[in-house]
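Each chain is listed here by its residues.
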Amino acid sequence: MSGEPDHAELVEDLLAGKHRALARVITKIENRAPGYRNLVSQLHQHTGDAEVVGITGSPGAGKSTLVDKMANYYRERGETVGVIAVDPSSPFTGGAVLGDRIRMASNVGDMDVFFRSMSARGTLGGLSTATTDAVKALDAFGKDKILIETVGAGQNEIDIVKSADTVAVLVPPGSGDDVQMLKAGILEIADVFVVNKADLDGADRTVQELREMVHMQQDNTASLATGHHGAGSTGGHGEDGESDDHDEGEETEHWEPQIVETVAKDGEGVEELVQTLADHADYLEASGLLEEKARMRYAEEIRNLLRDDVGTLLETEIERRGGIEAFAQQVLERETDPYSVADEIIGPLEDCVDQ
Ligand SMILES: Nc1nc2c(ncn2[C@@H]2O[C@H](COP(=O)(O)OP(=O)(O)OP(=O)(O)O)[C@@H](O)[C@H]2O)c(=O)[nH]1
């Protein structure tokens with residue numbers, strides 16, 4: 001758009017691997033700074049190489065601890081990592097939280113783990129759009145792994161983790177009720193269940209309940225599709241050799257949500273979790289689902305952008321015509337009605353589109 005900065009230099013710096021540029025780009029994305037759209041557009045062609053993992057779970061489930069351990073593990077393997085911690089309810093953003101500083105302590109001096117927090121208050125417009133854009137920035141920068149950490153299981157959070165290829169849901173040991181609660185919404189999005197705090201009593205029971213839940217869901221799906229059963233086992237911890245009724249190791253048609261136990265505070269189980277996430281990434285690739293998911297995400301992204309744009313266009317048009325209150329007053333006085341007003345406002349815009 002004319003008059004807006006094109007940020008060419010900033011993009012160049014980001015692509016050259018300068019972390020300061022990356023941080024500035026994400027701030028511009030959060031603030032919807034002038035020219036940010038153009039900025040994200042320029043980044044797009046450089047994206048598509050990162051493995052994006054979403055990690056969600058209730059407050060206190062151990063997400064931060066686990067994400068830190070995972071980031072360190074990836075680093076030790078020589079991979080670069082970006083972390084975006086999204087908290088839809090927090091008033092803080094931009095890594096300004098003391099907790100974030102503390103969290104980063106384990107990675108001090110190691111800029112190959114880039115950490116950033118985002119919150120609803122710090123982000124103009126939709127948090128899930130901002131998260132998607134921030135992931136693009138990290139991807140274009142060249143981060144190998146991008147971890148999106150988000151609290152809870154509300155619709156907001158589900159939308160946010162949807163920008164990941166693989167989703168891990170943390171389920172700390174607890175009563176059966178907790179697992180029951182998970183069913184709404186979470187079951188559908190979990191590729192891997194992580195029973196963190198496996199050192200606590202009740203972990204085995206939680207694993208067992210999750211296993212039953214996953215099997216029940218698989219049976220339902222199977223009876224609907226009369227397709228194959230899942231590949232792999234829900235063996236969770238260790239190599240107990242347990243495999244499913246259908247022992248077809250090569251099968252890539254279907255993914256059965258896996259269950260992994262971890263003790264994040266000691267780093268236990270992190271290796272197995274990382275391997276399971278990699279297995280899921282391989283499955284997505286081999287089955288063609290990776291592309292399919294990306295296509296669906298882009299369609300959704302375009303739809304959201306258009307919805308926002310059309311909304312803004314309409315708001316501008318309404319203001320230009322004297323504001324919504326004036327129309328409402330006319331409706332109140334029975335001079336017109338809401339349908340006619342809507343037609344009157346959208347009519348000329350439709351004509352423009354028809355041209
Ligand atoms: N016993 C035990 N405690 C753990 C484990 N992992 C994390 N914790 C503790 O659980 C508490 C919460 O951990 P966090 O990593 O802050 O949890 P979170 O899910 O990020 O929490 P929010 O940021 O509030 O959503 C901390 O006191 C951790 O030390 C574990 O494997 N076992």
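What you see is a predicted model, and the numbers here were worked out from it, not measured in a lab.

What counts and what doesn't
- Residues numbered from 1 in each chain as written.
- Predicted model: local features only at pLDDT ≥ 70, side-chain atom pairs only at ≥ 80, totals over all residues.
- Heavy atoms only, no water.
- Phe/Tyr/Trp six-rings, centres within 6.5 Å; stacked < 30°, edge-to-face > 60°.
- Helix = DSSP H or I, 4+ residues; strand = E, 2+ residues; numbered from the N terminus.
- Buried < 20%, exposed > 50% of the residue type's maximum accessible area, 1.4 Å probe, protein only.
- Core = buried A, V, L, I, M, F, W, Y, C linked by side-chain atoms within 4.5 Å.
- Contact = heavy atoms within 4.5 Å.
- Arc of directions from axis to C-beta.
- Salt bridge = Lys/Arg side-chain N within 4 Å of Asp/Glu carboxyl O.
- Near = heavy atom within 4 Å.
- Polar contact = N/O pair within 3.5 Å; in protein donor to acceptor, adjacent residues only side chain to side chain.
- Areas by Shrake-Rupley, 256 points an atom, 1.4 Å probe, with all protein chains shown as cover.
- Nonpolar A, V, L, I, M, F, W, Y, C, P; charged D, E, K, R; others polar.
- Pairing = 2+ DSSP bridges.
- Axes fitted to C-alpha atoms, helices over the stretch in contact; angles between N-to-C directions.
- pLDDT = per-residue confidence, 0-100.
- Parallel < 35°, antiparallel > 145°, perpendicular 65-115°, else oblique.
- Left-handed = near helix turned anticlockwise from the far one by under 90°.

## Observations concerning the packing of aromatic side chains
Taken as a whole, this structure holds one aromatic pair when the rule is applied. Ring centres of Trp-255 and Tyr-283 lie 5.7 Å apart, and the angle between their planes is 35°; on these two criteria the pair is classed as tilted. Residue Trp-255 is located in the loop between α10 (203-225) and β7 (258-261), and its partner Tyr-283 is located in helix α11 (residues 270-287); the two are separated by 28 residues in the primary sequence. Residue Tyr-283 is classed as buried on the basis of its relative accessible area, which comes to 11%.

## Re the nonpolar core
Grouped together as the largest cluster of nonpolar side chains are 30 residues, with contacts concentrated most on Leu-14, Leu-22, Val-25, Ile-26 and Ala-137. When residues of this core are assigned to their parent elements, the largest contribution, eight residues, is made by helix α6 (residues 127-141). The contacts of Leu-14, once residues within four sequence positions are left out, are Ala-21, Leu-22, Val-25, Leu-43, Ala-137, Ala-140 and Phe-141. Grouped together as the second largest cluster of nonpolar side chains are 27 residues, Leu-66, Met-70, Val-260 and Ala-264 included.

## Describing helix α1 (residues 8-15)
Each turn of an α-helix holds 3.6 residues, which means side chains three or four residues apart point in the same direction. Every buried residue belonging to α1 is among Leu-10, Val-11 and Leu-14, and all of these are buried. Buried residues in α1, looked at end-on, bunch into an arc of 100°, giving them a common side. Summarising the geometry of α1, the exposed residues directed more than 90 degrees from the buried face are Glu-9 and Glu-12. Packed against the buried residues of α1 are α2 (19-31), α3 (36-44) and α6. In the stretch just after α1, Gly-17 is the one whose phi turns positive, near 90°.

## Overview of the pattern of salt bridges
What the rule picks out here adds up to 17 salt bridges. The salt bridge involving Arg-37 is made with Asp-309; its shortest N-O contact spans 3.0 Å. Placement of Arg-37 in helix α3 and of Asp-309 in helix α12 (residues 289-320) is noted, with a sequence separation of 272 residues between them. Residue classification places Arg-37 among the partly exposed positions, given a relative accessible area of 37%. Residue classification places Asp-309 among the partly exposed residues on the basis of a relative accessible area of 29%. A salt bridge links Lys-265 to Asp-266; the nearest nitrogen and oxygen atoms lie 3.8 Å apart. Via salt bridges that share partners, Glu-51, Arg-77, Glu-79 and Lys-145 belong to a single interconnected network.

## Structural notes on the site of the ligand
Near the ligand, the surroundings consist of 16 residues, among which Gly-62, Lys-63, Ser-64, Thr-65 and Asp-199 are the closest. Ala-61 places a main-chain nitrogen or oxygen 3.1 Å from an oxygen atom of the ligand. Between the ligand and Asn-196, the relevant distance is 3.3 Å, taken from a nitrogen atom to a side-chain nitrogen or oxygen of the residue. Expressed as a share of its isolated accessible area of 650 Å², the protein-covered part of the ligand is 66%. For the shell around the ligand, the element with the highest residue contribution is helix α4 (residues 63-76), accounting for three residues. Counted by class, the shell around the ligand contains six nonpolar, six polar and four charged residues.

## Re the sheet that holds strand β6 (residues 192-195)
Read from one edge of the open sheet, seven strands run β3-β2-β4-β1-β5-β6-β7, paired in parallel fashion. Strand pairing shows two members of the sheet lacking a second neighbour, β3 (113-119) and β7, which therefore form its edges. Here the strands of the sheet are splayed against their neighbours by 20° on average, with no regard to which way each runs. As paired elements, strand β2 (residues 81-87) and strand β4 (residues 145-151) share six bridges and run parallel to each other.

## Concerning the confidence of the model for the chain
Model confidence for the chain is summarised by a mean pLDDT of 82, while 76% of its residues fall at 70 or above. Within the chain, no element has a lower average pLDDT than helix α5 (residues 98-104), which sits at 45, and none a higher one than helix α13 (residues 324-332), at 97. In this model residues 227-251 is a low-confidence stretch, pLDDT under 50, and it forms 45 contacts with partners more than four residues away in sequence or in other chains. Here the predicted complex scores 0.83 on pTM and 0.97 on ipTM.

## Observations regarding the pairing of strand β5 (residues 166-170)
Of all five residues making up β5, five are buried, and the element is well covered by its neighbours. Judged by which residues are buried, β5 turns out to be covered on both faces: Thr-166, Ala-168 and Leu-170 on one side and Val-167 and Val-169 on the other are all buried. In this structure, strand β1 (residues 51-57) lies alongside β5, joined through five bridges in parallel fashion. Looking across to β5, one finds that Gly-54 is bridged to Val-167. Pairing of β5 with β6, which is carried by three bridges, proceeds in the parallel orientation. Bridge pairing in β6 places Leu-170 opposite Val-194.

## With respect to the packing of α2 against α6
One way to put it is that α2 packs onto α6 with a least axis distance of 9 Å and a crossing angle of 165°. When the axes of α2 and α6 are compared, the pair comes out roughly antiparallel. For α2 against α6, the interelement crossing comes out right-handed. When α2 is examined against α6, the residues His-19, Leu-22, Val-25, Ile-26 and Ile-29 are found in contact with a partner set consisting of Ala-130, Asp-133, Ala-134, Ala-137, Leu-138 and Phe-141. By residue class, the composition of the contact of α2 with α6 is nine nonpolar, one polar and one charged.

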